[in-house]
Amino acid sequence: MPAITEVWKVLFKRPFTNRFPAKYAPRSVHGFVRRVQAGKAKIAPPVPTPPNFRGKINYEVDKCIGCGLCIRVCPTKAIVWRTVEVEQGEKKVAKKKVKIFVSRCCFCSQCVDICPKDCLSMSDEFLLANEDKLANELIVL
Amino acid sequence: MCELCTLLAGIIGTLVLGIFAIAFGLSVKGIDRKLSARMQWRIGPPLRQPFRDVRKLLLKQSVLPKNAVPWIYNSAPVISLAALISVLLFLPIGPVPALLGASGDIIVVLYLLIIPGIAMIVGGFSSGSPFASIGAQREMVLLISYELPLSMIVFTFAWMYSIVAPSLPALSFETFGTVPIWSVLGPAGFIGATIFLVVLLIVTTGEMAKVPFDIPEAETEIAEGIFAEYSGRNYALFYLADAVKMVVLPAIIIAIFFPYNLSPLLSEYFPNLPMSDWVAYGVDILFFMLKVLLIDIVAVTFMRTAFARMKIDQAVRLYWFHLFTAGIIAMLLVAADVMGVL
Amino acid sequence: MEMSDEALYTIPVGPVHPALKEPIELDLRVEGERIVGVDVKCSQAHRGIEWLGMNRNNSIQNIYLAERVCGICNVCHPYCMVLAVEEAAGIEVPERADYIRTIVAEMERIHSHLLWAGVAAHEIGFDTVFHYTWALREEIMDAIEYVTGNRVTKGIMMIGGVRRDITKEREERIRKALRYYEEKFEKIEDLVLHDKTIRMRTRNVGILTREDALKLCAVGPVARASGVPKDVRQDYPYGAYADIGVRAILPDQYTGEIIGDVYDRIVVRLLEVKQSIQIIHDALDNIPQGDIVAEKNLVKLLSMLKRAEGEGIGRVEAPRGEDIHYVRLRQGEEPFLSWKIRAPTYNNVLPWIPMLLGAEIADVPIVAASTDPCMSCLNRVTVVDESSRKEFTLTKERMHEMSVRKTRRMMRHV
Ligand code: SF4
Ligand code: SF4
């Protein structure tokens, strides 16, 4: 019975668990976040993301030509059309652009692959939990 | 002392003892969970987690299942907790002699120990859920199984005292305290008593219904079994009963096998220590708590971490066959020692 | 504990039960602790994945849908689907892509089998082994994340190849993980296979005979543990398996005999972890240079698929057994014309009945878990009633009628 000796050995090992974001669940998550923002508490760091991690999407709106390919391949239909007014010399023209609802995105990165102008990319940001799925941070314009 | 004063002292003593047992039991539970987590390579909950659990359970609604028998269903947890606390009244707590030691003996303790189990069985059956019924059946079988080795140990030693110290009451924990068993046993008896100690530790695990003997509750099989329907205050009482069990059962082991105190030793080796009576009392109580903790770590934390859950027939075989055989051997060894055969 | 004339009663295990992590219902008729009747009720959750693939999505979108058929087999389902689509559209996959697919699929097998070992240990109340195996599983998860960009949904399959190459650093990372498991394998084996309490709970429990395994079409480790040498990687090699040469693993390689019980299934899975490590080593050693995808331009690929006409079948040995996808494409239509998934759990649920009859209630969780069921893969109708012989089939007409009635009822309340 190997477990009999193993448990005593493990007892004196450092726990495997990563302490992210804190060793114990805080009494109130909001309170914890506020204390962190005020610099009163520290977040234990998460496991670092590897290179080419697929996290929250980045969108460089100026480069976008509005071809709509990303909309066509997005499996979750997280990308929708949007028109923006752009000043061109004297007059204003309506240009087709997109917006991405991160709360729907499944981080497949397919839109990044298909975009002909490389205006989409994936960052390594993954702490995206939010109570409001239409929060401003979760809509990429 | 007037009768009223005795009564009052008894009530206050019971209250103090009850609160001590609950608070200490919950802390032991916290330590147990922490250590078990560390053994499993985890961080585990903070030490005060059991207290929070109880608080949360007390805040929650106590749901009465539709086909439960209300009065049985609601009284089972109370009886369970009350019986366990009353066991404590018959046990010496370190330097404090048993509160009701004069009027009861080991037989009473053995009977009282069955009550929580029976309350759980009745509560399980009365909750009218198939999972709880199966759990109750299993608890019944388990109760019968571990009772046998337990009584065997107690009666062997009682018989031993009736021979080696006929002047003392054989069936009293006081006797175990005044003449510790190790002091009267020779080498053969020593081996026998050690076997008994191991058997009793395994019985303790079964009595506390922890893995590998958590068969009546078996979370993944019958969804907490007996407690499947319990919630809120009722479940909190069972939780407290479990915590008190973690003090009571080790206290029995201590009373039988390790009835020693630290303060005599301390004052012997360090004669210039300022050892007033109160300090000695405190030291001994702390020492008692340490002993309880160590026994819990072996009989609960280690056991539940290092083994898989058994099936009920396997557990019965273990208790009735293996432990019984071990018990018989130990009994013969002790008997041979006492009779001077060896 | 035998109480002879005790009334039979039924205990429902599921759809929500701590032993089952996913919705399925087992109605057990028990006599004391003994099980005398078993009734499996599947289809507690239907997600309409195939419908989405046939009505809403184009082929590329379907890859990600297939990935979400099951959270754990998220390589074998898309793998199977792209194989079917490639067959239907006549796309040749570059050899390097085949190797990369094989490597990722085997990495998935390692993580899935370790995950399973933990779950099985938890079912028999051995949480320590559960925590240990899951902690050890982290390494392969990190390697997967490094190679594919995500821990769970790997998103590496593409019709005609793969989306990410295995570069030098990625190869190094995989080798590091493999070395870690070669080192730790003995410990895992020791903890799981040599533990007396685990043996007590799994030896001679939930036996599936070779005949039953063949009759009920069991697949994957369940069939292999019963002595059926069945493995798609051996019988119909795909990807790089033909070059590597995989043999089905039978438990007698380790124990010298085949019983077909839960213990044998554990043995098969653990040996497969070892086998997967070897396969990945071989694949990394022999990986050819070249393209990783047949058509780099996704726009072109999409229009090519739109023009394609035909049907194809993909067969993949998922960690749980053989997975089959059938896909039919019609010219001018982007969604599949038809898409049918046959996940391994579909075959491995019926064997529960012979495994459980005569067993004890305490055996239910571990026996059910021993087939590594994945309800999210399985969502079709199976109606069996052993004791009362009642047959009950829902016809399409009747279901349609029922749903129309329900819609009306709901509209009235809006
Ligand atoms: S990453 Fe995938 S899901 Fe997210 S927006 Fe791009 S295509 Fe859509
Ligand atoms: S594919 Fe790229 S360029 Fe085209 S619409 Fe999307 S973001 Fe803009």
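Analysis parameters
Residues numbered from 1 in each chain as written. Chains lettered and ligands numbered in written order. Predicted model: local features only at pLDDT ≥ 70, side-chain atom pairs only at ≥ 80, totals over all residues. Heavy atoms only, no water. Contact = heavy atoms within 4.5 Å. Buried area = accessible area lost by both parts, 1.4 Å probe. Salt bridge = Lys/Arg side-chain N within 4 Å of Asp/Glu carboxyl O. Helix = DSSP H or I, 4+ residues; strand = E, 2+ residues; numbered from the N terminus. Nonpolar A, V, L, I, M, F, W, Y, C, P; charged D, E, K, R; others polar. Patch = residues over 30% accessible without salt bridge, like charges linked within 9 Å, V, L, I, M, F, W, Y side chains within 5 Å. Areas by Shrake-Rupley, 256 points an atom, 1.4 Å probe, with all protein chains shown as cover. Lys, Arg positive; Asp, Glu negative; His and termini not counted. Charge placed at Lys NZ, Arg CZ, Asp CG, Glu CD. Buried < 20%, exposed > 50% of the residue type's maximum accessible area, 1.4 Å probe, protein only. Near = heavy atom within 4 Å. Pairing = 2+ DSSP bridges. Polar contact = N/O pair within 3.5 Å; in protein donor to acceptor, adjacent residues only side chain to side chain. Expected span 1.5 Å × (residues − 1). Bend = angle between axes of the 7 residues up to and from the residue. Axes fitted to C-alpha atoms, helices over the stretch in contact; angles between N-to-C directions. Phe/Tyr/Trp six-rings, centres within 6.5 Å; stacked < 30°, edge-to-face > 60°. Parallel < 35°, antiparallel > 145°, perpendicular 65-115°, else oblique. Left-handed = near helix turned anticlockwise from the far one by under 90°. pLDDT = per-residue confidence, 0-100.

## So, the interface of chain C and chain A
Consideration 1: Contacts between chain C and chain A engage 35 residues on the former and 27 residues on the latter.
Consideration 2: Note on chain C versus chain A: buried area summed over both sides is about 2700 Å², and carbon and sulfur give 54% of it.
Consideration 3: By the criterion of area lost to chain A, the three top residues of chain C are C:Arg56, C:Gln61 and C:Arg163, representing 19% of everything that side buries.
Consideration 4: Linking chain C with chain A are 2 salt bridges, by the criterion used here.
Consideration 5: Put simply, A:Arg72 and C:Glu334 hold a salt bridge, and the shortest N to O gap is 2.9 Å.
Consideration 6: At the level of secondary structure, the elements contributing two or more residues to the side of chain C that touches chain A comprise helix H2 (59-67), helix H5 (127-148), helix H6 (168-193), helix H7 (196-202) and helix H14 (298-307) of chain C.
Consideration 7: Sort the elements by how many residues they give to the side of chain C that touches chain A and H5(C) lands first, with 7 residues.
Consideration 8: The class makeup of the residues in the side of chain C that touches chain A is 11 nonpolar, 11 polar and 13 charged.

## A look at a positive patch on the surface
Consideration 1: A cluster of basic residues, A:Lys77, A:Arg104, A:Lys133 and C:Arg56, forms a positive patch at the surface.
Consideration 2: Considering the arrangement of structural elements, one finds A:Lys133 in the loop between strand E4 (120-122) and strand E5 (139-140).
Consideration 3: Owing to a relative accessible area of 59%, A:Lys133 belongs among the exposed residues under this scheme.

## Things to note about the site of ligand 1
Consideration 1: Taken together, 13 residues lie near ligand 1, and A:Cys74, A:Cys105, A:Cys108, A:Ser109 and A:Cys111 sit nearest.
Consideration 2: When grouped by side-chain class, the residues that make up the shell around ligand 1 number 11 nonpolar, 2 polar and no charged.

## Description of the pairing of strand E7 (residues 321-329) of chain C
Residues and elements named next belong to chain C.
Consideration 1: The pairing of strand E6 (residues 310-318) with E7 spans 9 bridges and is antiparallel. From the neighbouring strand, glycine 310 faces E7, where its bridge partner is leucine 329.
Consideration 2: Between the end of E6 and the start of E7, which pair antiparallel, lie 2 residues.
Consideration 3: Pairing of E7 with strand E8 (residues 338-342), which is carried by 5 bridges, proceeds in the antiparallel orientation. Counterpart to tyrosine 326 in the pairing with E8 is lysine 340.

## Details of the pattern of salt bridges
Residues and elements named next belong to chain C.
Consideration 1: The tally for this structure, following the rule as stated, stands at 30 salt bridges over all chains.
Consideration 2: Among the ionic pairs, glutamate 106 bridges to arginine 233, the shortest N-O distance being 3.2 Å. Placement of the pair is glutamate 106 in helix H4 (residues 95-123) and arginine 233 in helix H10 (residues 232-235), with a sequence separation of 127 residues.
Consideration 3: On the basis of relative accessible area, arginine 233 is assigned to the buried category, the value being 1%.
Consideration 4: Glutamate 171 is the salt-bridge partner of arginine 175, the closest N and O atoms lying 3.1 Å from each other.

## Observations concerning the interface of chain C and chain B
Interface size is often expressed as the accessible area that is lost when the parts come together.
Consideration 1: Contacts between the two partners involve 33 residues from chain C and, on the opposite side, 27 residues from chain B.
Consideration 2: Taking both partners together, chain C and chain B bury about 2600 Å²; carbon and sulfur atoms supply 60% of that area.
Consideration 3: Counting every contact that joins chain C to chain B gives 0 salt bridges.
Consideration 4: Here chain C and chain B share 5 residue pairs in polar contact (both at pLDDT 80 or more) between them.
Consideration 5: At the level of secondary structure, the elements contributing two or more residues to the side of chain C that touches chain B comprise strand E1 (9-13), H4, H5 and H7 of chain C.
Consideration 6: Of the residues that constitute the side of chain C that touches chain B, the class distribution is 17 nonpolar, 8 polar and 8 charged.

## Points about the environment of C:Gly206
All names here are of chain C.
Consideration 1: Among the structural elements, glycine 206 can be located in the loop between H7 and helix H8 (210-215).
Consideration 2: Sequence separation between glycine 206 and histidine 194 is 12 residues, and the spatial gap between their C-alpha atoms is 19 Å.
Consideration 3: In this structure, glycine 206 is in contact with Gly260, Asp261, Val262, Arg265, Met355 and Val367, ignoring residues within four places of it in sequence.

## Looking at the site of ligand 2
Consideration 1: Surveying the vicinity of ligand 2 reveals the residues A:Tyr59, A:Cys64, A:Ile65, A:Gly66, A:Cys67, A:Gly68, A:Cys70, A:Cys115, A:Pro116, A:Cys119 and A:Leu120.
Consideration 2: The residue inventory of the shell around ligand 2, partitioned by class, reads 9 nonpolar, 2 polar and no charged.

## A short note on helix H13 (residues 312-339) of chain B
Consideration 1: Here H13(B) spans 38 Å end to end across 28 residues, near enough to the 40 Å set by a 1.5 Å rise per residue.
Consideration 2: Within H13(B), the axis deviates most sharply at B:Phe324, by approximately 30 degrees.
Consideration 3: Packed against the buried residues of H13(B) are helix H5 (130-164) and helix H8 (187-207) of chain B together with H7 of chain C.
Consideration 4: At the exit of H13(B) stands B:Gly340, carrying a positive phi of roughly 75 degrees.

## Observations regarding unusual backbone geometry
All names here are of chain A.
Consideration 1: Backbone torsion omega between phenylalanine 20 and proline 21 reads -10 degrees, so that peptide bond is classified as cis.
Consideration 2: Within the secondary structure, proline 21 is located in the loop between helix H1 (2-11) and helix H2 (29-37).
Consideration 3: The backbone phi angle of phenylalanine 107 is positive, close to 60 degrees, even though this residue is not glycine.

## Quick look at the sheet that holds strand E3 (residues 34-41) of chain C
All names here are of chain C.
Consideration 1: With respect to topology, 3 strands assemble into an open sheet ordered E1-E2-E3, the strand pairing being antiparallel. What marks the edges here is a single partner per strand, and that holds for E1 and E3. With strand direction ignored, the average angle separating the axes of adjacent strands in the sheet is 25 degrees.

## Looking at the packing of aromatic side chains
Consideration 1: Going through the model one piece at a time under the given rule, you end up with 19 aromatic pairs over all chains.
Consideration 2: With a centroid separation of 5.5 Å and an interplanar angle of 70 degrees, the aromatic rings of B:Phe157 and B:Phe196 are classed as edge-to-face. Of this pair, B:Phe157 sits in helix H5 while B:Phe196 sits in helix H8; the two residues are 39 residues apart in sequence, bridging distant segments of the chain.
Consideration 3: The class for B:Phe157 is buried, based on a relative accessible area of 0%.
Consideration 4: With a centroid separation of 5.4 Å and 80 degrees between ring planes, the pair formed by C:Tyr79 and C:Tyr238 is classed as edge-to-face. With C:Tyr79 in helix H3 (residues 76-89) and C:Tyr238 in the loop between H10 and helix H11 (241-244), this pair connects stretches of sequence that are 159 residues apart. One exposure class covers both C:Tyr79 and C:Tyr238, and it is buried.

## Observations regarding the side chain of B:Lys29
Residue and element names in this part refer to chain B.
Consideration 1: Within the secondary structure, lysine 29 sits in helix H1 (residues 3-39).
Consideration 2: Side-chain polar atoms of lysine 29 contact the side chain of aspartate 242, separated by 2.4 Å.
Consideration 3: Not counting residues within four places of it along the chain, the set of residues in contact with lysine 29 comprises Pro50, Lys210, Tyr239, Asp242, Ala243 and Met246.

## Looking at the pairing of E3(C)
All names here are of chain C.
Consideration 1: Here strand E2 (residues 25-31) runs beside E3; their pairing, made up of 7 bridges, is antiparallel. Paired with leucine 26 across the two strands is valine 40, which belongs to E3.
Consideration 2: The antiparallel pairing of E2 with E3 creates a hairpin that spans 2 residues between the two strands, and glycine 32 there sits at a positive phi of about 65 degrees.

## Section: the packing of helix H4 (residues 106-126) of chain B against helix H10 (residues 232-257) of chain B
Residues and elements named next belong to chain B.
Consideration 1: Relative to each other, H4 and H10 sit at 155 degrees, their axes nearing to 12 Å. Comparing the axis directions of H4 and H10 gives the class roughly antiparallel. As H4 packs across H10, the resulting crossing turns out to be left-handed. Seen from H4, the contacting residues are Val109, Leu113, Pro116 and Met120; seen from H10, they are Phe238, Lys245, Val248, Leu249 and Ile252.

## Side note on the side chain of C:Glu322
All names here are of chain C.
Consideration 1: Mapped onto the fold, glutamate 322 is located in strand E7.
Consideration 2: Looking at glutamate 322, the relative accessible area reads 10%, which means it is buried.
Consideration 3: Within polar-contact distance, the side chain of glutamate 322 engages the side chain of arginine 315 at 2.4 Å.
Consideration 4: Once you skip the residues sitting within four places of it in the chain, glutamate 322 turns out to touch Val219, Gly220, Val232, Arg315, Val316, Glu317, Arg342, Ala343 and Pro344.

## Let's talk about the confidence of the model for chain C
All names here are of chain C.
Consideration 1: Mean pLDDT over chain C works out to 80, with 90% of the residues at or above the 70 mark.
Consideration 2: With pLDDT under 50 throughout, residues 1-5 is counted as low confidence; its partners more than four residues away or in other chains account for 4 contacts.
Consideration 3: Between residues 379-392, whose pLDDT stays under 50, and residues either more than four places distant or in other chains, the model counts 26 contacts.
Consideration 4: In the predicted complex, the global pTM is 0.81; the interface-specific ipTM is 0.83.

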